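Summary of the model geometry
Below, each chain spelled out in residue letters.
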Amino acid sequence: MTQQVEKTLSRKLGQARLALFIEQFWPAVLPVLMVLIGFAAVSLFGLWRTMPVWLHGLLLLGFAAGLGYSLYRAWRTLRLPRRNMALARLERDSGIRHEALRALEDELPQSVDDPETKAFWQAHRSRLREKLLQLRVALPSSDLALRDPWALRAIPVLILVLALVEGWGDIRNRFGDALTFARSPAAAAEPILAELWITPPDYTRRAPLGPAQTANSPKIVIPEGSEALLQLQNVPVDEDGLQARVLFGSDAMPLEALGRGSARSDFPMTRSGEIVFALGAKGDGEVIARWPVEVVPDGAPKIAFAETPGATQRGVLRIDYEASDDHGLTSVVLEFKGHQIADTTVHERGLSEPASLPTELKSSSFLDLTAHRLAGLPVQMTLKAQDRLDQEGRSEPLIITLPERVFTHPLAKAVIQQRKRLVTEPEETRSIAGRLSILGDSEAARQLPVTVPLSLRVASSRLILGDGQPEAIGDVIDILWELALFIEDGTMSIAERELRELQQALQEAMDQGASDEELAQLMDEIERAMNEMLQEMMRQAMQNPQQMNPEMMQEIDPSQMVTQRDLQEMLDKARELMKQGMMDAAREMMAQLQNMLENMQMAMSQMQQQPPSPAEEAVSDLQRMIEMQQDLLDRSFDMNRQMQGQQGQQGQQNQQQGQGQQGQGQEGMGEQGQGQQGQGLQSQMGRAAMEQDALRRALGELMRRMGEAGMELPRSLGQAELQMRDARGALEQGQPDPAAGSQTSALDLMRQGGQAMMEQLREQLANQPGRQMTGQPMPSSRQGRDPLGRAQRNQGGFDTYGTQVPDENDLGRARDVLEELYRRSGDLSRPPSELNYIDRLLDRF
C-alpha cells in the first residue's frame, strides 16, 4: 500500500475503534453510575444524620463494595477493539462486502511472473483504493433501550435532581456526613442554619427579602420601618439554654425559643447597622453570620408649580404641578390665604388623591374659585403633598390674584363691589349695610323679581344685627354671591355650578378608584346637569335675541359649531373608557368636554357683547363675494350651453332644402325665433359682464380696506382681480366659454386668499385676551362640508380647518357625486367647456 492509502485507512480505523469502545463503555459503566447516584442521593437528602452508627457503617460499606465490584466488572468488560474488529465495523458501515478491506494487506507472491496476472492484481488493488474514499463510520449506538424498554433508567436521574434541590447550599457538609460517625442520631453534628427575612412596610409595596437575597449580600438596602426576622436552627444547647446571641449594632436582640436548638428573633430596622449571629450566651463565641444593613429613611414628598397658575377663558384657575415621593403620594392640596388684607384665614382645596400612589405625578387641576370670597384679590398660594406616613412637602409660595367673574349687569357689579369690601374692610359693616339697603330700593332692583330687593334688605339687616361678627359677615358674603349670579344669569349659573361640582366629584372618584357603579351614577348625573345647562343657555338665547351680535353670527360656520350631539358622544366615549379601565384616557376626555363647554359659553358671551373687528368684517365680505362669483360661473356655463344649442339648430336648418311653401314659412318663423333667443342671450351676457365688473370693483375696495386696517394683502386676491377683468371682457364680446375659464381661476384664487385671511385672523384673535374663534369642529359635526372635510359654504366657501378623515355618510355622498360626474362626462350632447370642466374634476379624484 502507498503511504496515502495507509494514512487514510489508519484514520478510519481509529474512528471505528472509538465508536466500538463507546458502545462497550456505557453498559460497562452503568452499574458504577447507579452506585454513585445512590450514594449522592443518600448524602444530599441528609439521611446519614438520621441513621444509627451500625446502619451508617453497613450502608457505607455496601456502597463501597458495590462501587468496587462494579468497577471490577467494568475493567473486565472493557477491552480495546482489535484491528480486525475495526475493519469489520468499517466494512459494515460502508456497505463493503466479502471482507474487501482486509485484502489491502495481501501481497502477490514473487513467484508470479505472468503479466496478465499482475495486471489483474493491480486493477484489483486500484478498485480497493477507490473504496477507501467511500469509507464512513456510523455514530455509536446503545442497546440500553432494548435492555430497559420501560425507561426505568430515568428514575435515578430524577432522584438525583430532587436531592440536589434539597441539599443545595449545604452540599459539602452533607457529603462530609458520610464519613462522620456519631454514637446516635441525636448526637449527629448538624450544621447551624441562620436565615434572615426582611419585610418592608406595606405602604412601600416592596417585596420581602428572603434568605436568597440576604445571604452573602455585601449590603442590604431597605426602607425605614422594615421588620427583620432571623430564624436559627441546630443551635447548641446546654443546661443554661441556647448558646447563641443576636446583636444589631451594639444592642442585643431578644431570642424566642421554638424548640430544642431552634429560635427566632423579631426586631424593627430603625437605623443602619450590622446584624450579627454568634455562638455563646454572651456572644463571645464564634461568629456564624453577619448581615450589613443600610436603612434608607423615608423622605418627605417634593412638589412644585410646573407653571405659574393662570385663569382660563371662563375664569377657572388652572394649576400645573409636579410632585414626587420615595414610595408614593397620597394627596395633593392647594393652600392659599389673603395677601396684605385683614383676612388671613388659610383655605384648602384638594387637587388629587391618587389611588395608585404614584412615586411621580405630573398633572393639571382646574379650580373654579370665582365664588370664593378672595376672588379678585391677591393671595399667597402654596402646594402641599402628603405620603403614607403623613409627611408633608410644600412648594415655594406664589403671590397671584385669584381670577374673578366679570359681571356686566350694573346691579350685579354693585353687589359684587360691596361683597369685596366685606372681605377687605370687615370693620365697615354698617357702611356696607347702608349701601346694600340703598341698592335694594334702587330702580334697577325693582325691575327684577321681588327676591332681588328682598335679598338685599336681608343682607343689610344681617350685617347690622351681626355687629361685625365673622359668622354674620360670612353668611352675607355667600348671599351676595348667589344674588349677583341670579341678577346676571338667572338660573344659568346654578346649572353651571352644579355641573362643575359633579365634574369635580367624578375626578375625585377616579383618583380614589371608585367602583364601576359609583362612576356610572356620577356620569348619569353629569349628563343630566349638562343637558339642563344647555337647555338654559338656549332658553336665554331665545329670550334675548336682540342682544346677539348678528355680524358675528354670520361669520360662524355651522360645521364648526359644537352641538349637543357632539357633547353627548364625548360623554358616551368617556363612559366607555371608564368601563374598560382606561382612567387616564377618560380623564383626558372629560377635560376636553369641560374645555368645550367653557368655549361654548365664552363664544355665546362674545356674540352678545363684542362687535366684529375689521378683519372679521373683511373675511365675511370676501365670503359673500365668493358666493357671488360662484353664481356668475354657473350662469356662464348656462349661457355657453345655450349658445352652442343655437349654433347646432342653425346648422340643421341650413341643411333643409326642397321644402314646400308651408315649410318655407315655418323656416322663416324659426329664424325669427332664433333671432329673438340670440338677442336675449346677448342681453344676459351684458348683464353678467356688468355684475362681473361690479364684483371686481368690490374686491378692489375690500383690498383697500384691508390695507388701511393693517392686514397683509394675499397676492392671490390681486390675481383674482385680473381674472375677473378678463372674464368681464369675454362676456362683453359674447364669449361665455373663455369667461367661464377666467371665472374658475378667479374663484380658486379668492378661496386661497380667504384661507390666508383666516390664518391672519386666527393669529390676531389668539393675541387678544377675551376674543377667541369658535370651537374647533368635532369629527361628528360636519354638516355643510365635502367628503374631504372642507367647508362648502353654499359651494363657494373656503376651508378653514384643514382636511379631516371622512366618515361613512361622507363616503356615501362622495360616491354619489362621482357617479353623477361619470354619467355627465359620457353625455356628448353637453357643451365642450362643461365636459372639459367635468374631466378636470374627475382628474382630482
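Check the entry above for the structure.
In short, a report on the structure. (Residues numbered from 1 in each chain as written. Predicted model: local features only at pLDDT ≥ 70, side-chain atom pairs only at ≥ 80, totals over all residues. Heavy atoms only, no water.)

**Points about the overall build of the protein**
Per the secondary structure count, the protein includes 24 helices and 20 strands. A total of 845 residues make up the protein; the buried ones form 40% of that total. Accessible area of the protein: about 47200 Å², with a carbon and sulfur share of 53%. (Helix = DSSP H or I, 4+ residues; strand = E, 2+ residues; numbered from the N terminus. Buried < 20%, exposed > 50% of the residue type's maximum accessible area, 1.4 Å probe, protein only. Areas by Shrake-Rupley, 256 points an atom, 1.4 Å probe, with all protein chains shown as cover.)

**Brief notes about the sheet that holds strand β3 (residues 226-233)**
With respect to topology, four strands assemble into an open sheet ordered β1-β3-β9-β8, the strand pairing being antiparallel. The open sheet has two edge strands, β1 (193-199) and β8 (256-259), and neither has a second partner. For this sheet, the mean inter-axis angle between neighbouring strands, taken without regard to orientation, is 20 degrees. Relative to strand β9 (residues 262-269), β8 is paired through three bridges, and the arrangement is antiparallel. Paired with glycine 259 across the two strands is serine 262, which belongs to β9. (Pairing = 2+ DSSP bridges. Axes fitted to C-alpha atoms, helices over the stretch in contact; angles between N-to-C directions.)

**Quick word on the nonpolar core**
Looking at soluble globular proteins, one finds that nonpolar side chains tend to be buried together. Ranked by size, the top nonpolar core spans 49 residues in total, and within it Ile319 and Met381 carry the most contacts. In terms of residue count, helix α13 (residues 470-489) provides more of this core than any other element does, nine residues in total. Beyond its immediate stretch of four places on either side in the chain, methionine 381 contacts Phe305, Pro309, Leu317, Leu334, Glu335, Phe336, Glu396, Pro397, Leu398, Ile400 and Leu402. (Core = buried A, V, L, I, M, F, W, Y, C linked by side-chain atoms within 4.5 Å. Contact = heavy atoms within 4.5 Å.)

**Quick look at the pattern of salt bridges**
Applying the stated criterion across every chain, the model contains 38 salt bridges. Notably, a salt bridge pairs arginine 318 with aspartate 320, separated by 3.2 Å at the nearest N-O pair. A relative accessible area of 12% means that aspartate 320 is categorised as buried. Between arginine 641 and aspartate 638 there is a salt bridge; the shortest N-O distance is 3.0 Å. Of this pair, arginine 641 and aspartate 638 are both found in helix α19 (residues 614-654), three residues apart, which corresponds to roughly one turn of the helix. A single salt-bridge network, built from bridges that share partners, covers Asp693, Arg696, Arg697, Glu721, Arg725, Arg728 and Glu732. (Salt bridge = Lys/Arg side-chain N within 4 Å of Asp/Glu carboxyl O.)

**Observations concerning the sheet that holds strand β6 (residues 244-248)**
In spatial order, the strands read β2-β11-β10-β6-β7; together these five strands make up an open sheet with mixed pairing. The open sheet is flanked by β2 (220-223) and β7 (251-253), the only strands paired with a single partner. Neighbour to neighbour, the strand axes of the sheet diverge by 30 degrees on average, direction disregarded. Sheet topology note: the strand β10 (residues 273-279)/strand β11 (residues 287-296) ladder contains six bridges and is antiparallel. Bridged to alanine 278 within β11 is valine 287.

**Here we look at the packing of helix α12 (residues 451-466) against α13**
One can describe the packing of α12 onto α13 by two numbers: an axis separation of 9 Å at closest approach and a directional angle of 165 degrees. Regarding the angle of α12 to α13, the classification is roughly antiparallel. Between α12 and α13 lies a crossing whose hand is left-handed. Contacts between α12 and α13 involve Thr451, Val452, Ser455, Leu456, Ala459, Arg462, Leu463 and Gly466 from the first element and Ala472, Ile473, Asp475, Val476, Ile479, Leu480, Leu483, Phe486 and Ile487 from the second. The residue makeup of the contact of α12 with α13, split by class, is twelve nonpolar, three polar and two charged. (Parallel < 35°, antiparallel > 145°, perpendicular 65-115°, else oblique. Left-handed = near helix turned anticlockwise from the far one by under 90°. Nonpolar A, V, L, I, M, F, W, Y, C, P; charged D, E, K, R; others polar.)

**Describing the environment of lysine 302**
Along the chain, lysine 302 turns up in strand β12 (residues 302-305). In this structure, the C-alpha to C-alpha distance between lysine 302 and alanine 323, residues 21 residues apart in sequence, is 5.5 Å. Ignoring any residue separated from it by four or fewer positions in sequence, one finds lysine 302 in contact with Glu322, Ala323 and Ser324.

**Thoughts on the packing of aromatic side chains**
Any aromatic ring pair is given by two values, namely how distant the centres are and how the planes are angled relative to each other. Going through the model one piece at a time under the given rule, you end up with eight aromatic pairs. The interplanar angle of 40 degrees and the centroid separation of 6.2 Å between the aromatic rings of phenylalanine 39 and phenylalanine 175 together place this pair among those described as tilted. On the criterion of sequence distance, the pair formed by phenylalanine 39 in helix α1 (residues 3-44) and phenylalanine 175 in helix α7 (residues 171-176) is long-range, its members being 136 residues apart. Since its relative accessible area comes to 22%, phenylalanine 39 is described here as partly exposed. On the basis of relative accessibility, which here comes to 30%, the residue phenylalanine 175 falls in the partly exposed class. The interplanar angle of 45 degrees and the centroid separation of 5.3 Å between the aromatic rings of phenylalanine 637 and tyrosine 837 together place this pair among those described as tilted. Of the two residues, phenylalanine 637 is situated in helix α19 and tyrosine 837 in helix α24 (residues 832-844); the sequence distance between them amounts to 200 residues. Overall, tyrosine 837 belongs to the partly exposed group, its relative accessible area being 25%. One aromatic cluster in this structure is built from Phe39, Trp48, Phe63 and Phe175. The ring of phenylalanine 248 is capped by arginine 271, whose NZ or CZ atom sits 4.8 Å from the centre of that ring. Directly above the ring of phenylalanine 407 sits arginine 405, whose terminal nitrogen or CZ lies 5.3 Å from the centroid. (Phe/Tyr/Trp six-rings, centres within 6.5 Å; stacked < 30°, edge-to-face > 60°. Lys NZ or Arg CZ within 6 Å of the ring centre and 35° of its normal.)

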